[in-house]
Amino acid sequence: MKASLRLFLLITLLWPLVACSEHQENSYSSFAEAQSSDAITRGWVPDWLPPTSKGINEVHDIDTNRLMVSFLFPKKSAVALPVNCARIDPFMPPAPPFNKAWWPSDVPASRLSTYRHSFFQCGKSFVAISESLGEGYIWQP
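These notes cover the structure that comes with them. Since this is a predicted model, take the numbers as computed values, not measurements.

1. Focus: the state of the cysteines
Covalent bonding between the sulfur atoms of two cysteines defines a disulfide.
Piece 1. One pass over the full model with this rule turns up one disulfide.
Piece 2. At a sulfur-sulfur separation of 1.9 Å, the disulfide partner of C85 is C122. Given an S-S torsion of about 115°, the disulfide between C85 and C122 has right-handed geometry. Here the residue C85 occupies a position in strand β4 (residues 85–87), and C122 occupies one in strand β5 (residues 118–122), the gap between them amounting to 37 residues. For the pair shown, C85 and C122 are each scored as buried.

In structure tokens, the structure reads:
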């Protein structure tokens, strides 16, 4: 089989997998910017993030509702989690659904590294918060 025909067949077979991806990724400099872009109304950024949040990154899949959110907040300030959140063992959460450069390697915690966050389960979502570092991560597998 000629190389060009093999390449054509490979592209033909793989194109549906690439073309069907419904991942969208966005960044917001502040909570107010996320609000004004309707990211909160659409459910891609939680409404319970501190109003002082900044450096918000989010990626979501429209078809599956999988998502990941990272955010920064003033160090040593508390984050008021929703009432349906319960603290969990750091090794309990599943892996996040996407591989992103802005996501730390120790979220969720690994037995090979020291974890820096407190972990929670909030319904279908998982949350990692470090008040001392002023950073938070949310993912829904």
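2. Quick notes on the environment of I62
Piece 1. Structurally, the position occupied by I62 is in the loop between β2 (54–61) and β3 (67–72).
Piece 2. Take I62: its relative accessible area is 37%, and that puts it in the partly exposed class.

3. Quick look at unusual backbone geometry
Piece 1. V107 connects to P108 through a cis peptide bond whose omega is 0°.
Piece 2. Turning to its location among the elements, P108 is positioned in the loop between β4 and β5.
Piece 3. The phi torsion at D38 lies on the positive side, around 70°, for a residue other than glycine.
Piece 4. You can see D38 is positioned in the loop between α2 (31–36) and β2.

4. Quick word on the pairing of strand β7 (residues 135–140)
Looking along a regular strand, one sees side chains alternate from face to face of the sheet.
Piece 1. With six of six residues buried, β7 is to be regarded as a mostly interior element.
Piece 2. Both faces of β7 are covered, namely the face carrying E135, Y137 and W139 and the face carrying G136, I138 and Q140.
Piece 3. Across six bridges, the pairing between β3 and β7 is antiparallel. Counterpart to L72 in the pairing with β7 is E135.
Piece 4. Looking at chain direction, strand β6 (residues 125–130) and β7 are connected through five bridges and run antiparallel. Counted as the bridge partner of A128 is Y137 from β7.
Piece 5. The antiparallel pairing of β6 with β7 creates a hairpin that spans four residues between the two strands, and G134 there sits at a positive phi of about 70°.

5. Description of the nonpolar core
Piece 1. Residues V45, L49, I56, F71 and I138 are the most contacted members of the largest nonpolar core, which totals 21 residues.
Piece 2. Looking at this core, the element that brings in the most residues is β3, giving three residues.
Piece 3. For L49, the contacting residues outside a window of four places in its chain are F31, I56, F71 and I138.
Piece 4. Counting residues in hydrophobic clusters, the runner-up holds 12 residues, among them I88, F126, A128 and Y137.

Here is what the cut-offs are and how they apply
Residues numbered from 1 in each chain as written. Predicted model: local features only at pLDDT ≥ 70, side-chain atom pairs only at ≥ 80, totals over all residues. Heavy atoms only, no water. Disulfide = S-S within 2.5 Å. Helix = DSSP H or I, 4+ residues; strand = E, 2+ residues; numbered from the N terminus. Buried < 20%, exposed > 50% of the residue type's maximum accessible area, 1.4 Å probe, protein only. Pairing = 2+ DSSP bridges. Core = buried A, V, L, I, M, F, W, Y, C linked by side-chain atoms within 4.5 Å. Contact = heavy atoms within 4.5 Å.

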